[in-house]
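Examination of the molecular architecture
The residues making up each chain are set out below.
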Amino acid sequence: MEKLTAGAGGGCYSAEQGSAVPGVARKPPRPLGAGVGSSRQPSVEALESPSGSHVEWCRQLIAATISSQIAGPVSSEAISRDYKALRDGNRLAQMEEAPRFPGESIKAIAKDVMYICPFTGAVSGTLTVTDYKLYFKSLEREPPFILDVNLGVISRLETIGVQSHGENSCGMEIVCKDMRNPRFAYKQEEQSKLEIFENLTKHAFPVSNDLPLFAFLYKEKFPVDGWKVYDPVAEYKRQGLPNESWTISKVNSNYELCDTYPALLVIPTSIKDEDLRRVVAFRAKHRIPVLSWIHPESQATITRCSQPLVGPSDKRCKEDEKYLQTIMDANAQSHKLTIFDARQNSVADTNKAKEGGYESESFYTNAELTFLEIPNIHVMRESLRKLKEITYPVIDEAKWLSNVDSTHWLEYIRLLLMGAVRIADKLESGKTSVVVHCSDGWDRTAQLTSLAMLMLDSYYRTIKGFEVLIEKEWISFGHRFAVRVGHGDVNHTNSERSPLFVQFIDCVWQMMRQFPAAFEFNELFLITILDHLYSCLFGTFLYNSEQERVKAELHTKTVSLWSYINSQPEEFTNPFYVNYENHVLYPVASLRHLELWVDYYVRWNPRMRPQMPVHQNLKELLVIRSELQKKVDELHREASTRSLSSSSDRGSTPSHSATPVHTTV
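Positions within a chain are numbered from 1, following the residues in the order the chain's sequence is written. Per-residue local features of the predicted model are confined to residues with pLDDT of at least 70, and side-chain atom pairs are confined, for both listing and counting, to 80 or more; whole-chain, interface and lining totals are unaffected and use all residues. Side-chain figures throughout are based on the complete set of non-hydrogen atoms in the structure, without hydrogens or water.

For every residue, the accessible area (1.4 Å probe, protein chains only) is compared with the maximum for its type, and the residue is labelled buried under 20%, exposed over 50%, or partly exposed between those bounds. Going along the chain from the N terminus, every DSSP run of H or I of four or more residues is numbered as a helix, and every run of E of two or more is numbered as a strand. Among the five residues in strand 14 (residues 337–341), five count as buried, and that is most of the element. The alternating pattern of strand 14 places Leu337, Ile339 and Asp341 and Thr338 and Phe340 on opposite faces, both of which are buried. Sheet analysis places strand 14 next to strand 15 (residues 367–371), joined by five bridges and oriented parallel. In the strand pairing of strand 15, Asp341 is matched with Phe371. One ladder, built from five bridges, connects strand 14 with strand 16 (residues 433–437); its direction is parallel. Counted as the bridge partner of Thr338 is Val434 from strand 16. Paired strands are those between which DSSP finds at least two bridges.

For the rest of this paragraph, the subject is the packing of aromatic side chains. To pair, rings of Phe, Tyr and Trp, with the six-membered ring standing in for Trp, must have centres within 6.5 Å; the planes then decide the type, stacked if under 30 degrees apart, edge-to-face if over 60, and tilted in the middle. Counted according to the given criterion, the structure contains 35 aromatic pairs. On the numbers, 5.7 Å between centres and 55° between planes, the contact of Phe136 with Phe184 is tilted. You can see Phe136 sitting in strand 5 (residues 133–138) and its partner Phe184 sitting in strand 9 (residues 183–187), a full 48 residues away along the chain. The two residues Phe136 and Phe184 agree in class, both being buried. Considering the side-chain rings of Phe466 and Phe504, the 5.9 Å spacing of their centres and the 5° angle between planes classify their relative orientation as stacked. Highlighted residues: Phe466 in helix 13 (residues 463–476) and Phe504 in helix 15 (residues 500–514), separated in sequence by 38 residues.

Turning next to the side chain of Thr462. Within the fold, Thr462 resides in the loop between helix 12 (444–456) and helix 13. Accessibility expressed as a relative area gives 16% for Thr462, which makes it buried. For Thr462, the side chain forms a polar contact with the main-chain oxygen of Tyr459, separated by 2.7 Å. Any pair of N or O atoms that falls within 3.5 Å is considered a polar contact. Within protein, one atom must be able to donate a hydrogen and the other to accept it, and sequence-neighbouring residues count only if both atoms are side-chain atoms.

As a further point, take the environment of Glu140. Turning to its location among the elements, Glu140 is positioned in the loop between strand 5 and strand 6 (145–150). In this structure the C-alpha to C-alpha distance between Glu140 and Ser124, which are 16 residues apart in sequence, comes to 7.3 Å. Every residue in contact with Glu140, bar those within four places of it in the chain, is listed here: Val123 and Ser124. A polar contact is formed between the side chain of Glu140 and the backbone nitrogen of Ser124, at a distance of 3.5 Å. Here, two residues are considered to be in contact whenever any of their heavy atoms come within 4.5 Å of each other.

The nonpolar core is taken to be a set of buried Ala, Val, Leu, Ile, Met, Phe, Trp, Tyr and Cys residues, with the residues joined through side-chain atoms within 4.5 Å. Of all hydrophobic cores here, the largest spans 132 residues; its most connected members are Phe466, Phe501, Ile529 and Tyr601. Here this core gets twelve residues from one element, more than from any other, and that element is helix 11 (residues 409–428). In this structure Tyr601 touches Met179, Leu384, Leu387, Thr391, Trp409, Val502, Asp506 and Leu596, once residues within four positions along its chain are discounted. By size, the runner-up hydrophobic cluster in this structure holds 36 residues, among which are Ile271, Cys317, Leu324 and Ala348.

When we look at burial in helix 6 (residues 273–282), the residues that qualify are Asp275, Leu276, Val279, Val280 and Phe282. Each buried residue of helix 6 lies within a common arc of 165° when the element is viewed along its axis, so the set occupies one face. Away from the buried face of helix 6 by more than 90 degrees, exposed residues Asp273, Arg277 and Ala281 are located. Where helix 6 is buried, its residues contact strand 11 (265–268) and helix 7 (318–329). Working definition: the arc comes from the directions between the helix axis and the C-beta atoms, pointing outward to the latter.

The next thing to look at is the packing of helix 13 against helix 16 (residues 523–535). For any two helices packed against each other, the geometry comes down to the angle between their axes and how far apart the axes lie. Lines are fitted to the C-alpha atoms to define the axes, a helix being fitted only along its stretch in contact, and any angle between axes, read from their N-to-C directions, falls within 0 to 180 degrees. Packing of helix 13 against helix 16 brings their axes to within 12 Å, and their N-to-C directions diverge by 30°. In terms of axis orientation, helix 13 runs roughly parallel to helix 16. Two packed elements cross with a definite hand, and for helix 13 against helix 16 that hand is right-handed. For the pair formed by helix 13 and helix 16, the contact residues are Ile463, Phe466, Glu467 and Ile470 on the first element and Phe525, Leu526 and Ile529 on the second. Under this scheme an angle from 65 to 115 degrees is roughly perpendicular, one under 35 degrees roughly parallel, and one over 145 degrees roughly antiparallel; angles in between are oblique. Two helices that cross are described as forming a left-handed crossing if the nearer one is turned anticlockwise from the farther one by less than a right angle, and a right-handed crossing if clockwise.

All right, on to empty space enclosed by the protein then. Points on a 1 Å grid, built from protein atoms alone, make a cavity when a 1.4 Å probe fits but cannot get out and make a pocket when they are open with protein on both sides within 12 Å along at least 5 of 7 lines; residues with an atom within 4 Å of a point are the lining residues. Grid points are joined across faces, edges and corners, and a volume is the space filled by probe spheres set on the points. Per the stated rule, a full pass over the model turns up five cavities of 30 Å³ or more. In terms of lining residues, the second largest cavity is bounded by Phe282, Val310, Asp314, Lys315, Arg316, Cys317, Glu321, Tyr358, Glu359, Ser360, Phe363 and Tyr364. Of the residues that constitute the lining of the second largest cavity, the class distribution is six nonpolar, one polar and five charged. When residue character is reported, Ala, Val, Leu, Ile, Met, Phe, Trp, Tyr, Cys and Pro are called nonpolar, Asp, Glu, Lys and Arg charged, and the others, Gly included, polar.

Right under this line is the structure:
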């Protein structure tokens, strides 16, 4: 396969942010807040104790209270009794009404609430809470100011009471997972029950309140069934599997072998059941080495697994050693096997002292062990916290570059890309099979295997192929989305939360910048995926494993994100796309070639948005491309007709037709 190495160039696309309006054909769930974001928040955990930011928050709340007479919230009882009459008889109420998705219901409304916007100042309006979103609308401005925050994105809610000029005011800060923290203020009578805050707490954290996630209530119908995107048998068949060395096994059909692996696994054909059971016992969480991808020419493979349980005494498992030897032997073009351990060497040693560990080159014949030195989930969580601190809502222009550098976010992106490039090159240039693992094989392992496969296989760079890649390497192989994201869970201090999937999508965006014509999808596609990682509108990213999803009957009780995306592919298509079939992409994993993804991390700041919506320009280019392609096709047909007519007039024997010229506009 031909190799493409990126230079310094690249395209950068931007998505126009808009709120979702249900009922409009195929335009529902893009939960990107239409209003600008909110106020300064130094860290995700920092508000736990008084700080300078907390004092500033009090000042903002007092200022907002003095600047406007703000009334208390409307009770939920009053809503159920009077809402219909109010809506039918009051033109203003209709204008302020929150749009809803099929299955969505209003839970609380508060009039004359003050949104404390850090960019344009305080604005008064109506705050509506449904079982899916918080919706604020102010008619004071033209056009109306709208802030739309889906409840799934909320990490934490904070309230503060302030007394000023004899008035008791309540402030509410909504700490979000998508790099914004909206703040509101409203007058609070002593006898009020804070319906808005109570309903937000209840419906933003449904799992903690014994309520269903909104995905189980969402009733939108789409012409495409996204649950049919990924068929494991069809995907392995596309790769040329099964073959004489590898078989598609149902040994895990009841999830008894490994409860975090999918039902279908590709394992060596020659492995015996008894040997397999011993390998299962020797691998952490029973996550044995299984095939992810096979090279169509060399038959070199990417296999993934968890760490071996060697412990401090260097325990051995003959069956595990033989298993890896079998993986190496399945590739006749190399007599080596490279094991990529994503962890830092020092951390792997620590894990070894706790009964984990890594493969010894002394015991695994012809195996080469390489540590990729990628830090753990806690380091990544702290890095994103720092990034949020410097990007929202105030940006220090004078220290921008040094502040970004201090977060180490781009350094970790570099490590991931560099590791994936090494894996891809080992298969492509070295024709050598690789085994990839971290500790449990569901975090950094998924990042590395999916990125390497994206570099090696052009199919995964199409819209459907990328959906298959996510379904396969992340969802079916047990990345713990529920734990890492915290869907519906009020416990925001859970140390298991980490932005690993966000990092993966960021790496994909970096590749798109370096190879702007190599991907069928655009930037909006990636942003939409990340928005719905949190939204709980679709069932795609819910739960931690295939077994849990089967038990919850996700495919019949929820809608797939791919149903929404694949019902309007023109929204997410890159007009510059060229199918680089059989081309391997080698992105430059250097900080000089990496950039902070401003259109995602800093998108809530209106000063950072382009004056002309880039997404709209891309759609217009798609139309132009389609029209030009039609003209090219017409010219081909006309030339073919003339050629046949000319041959007929001469009465000559028809010659072989030339290979059609496929022009890409």
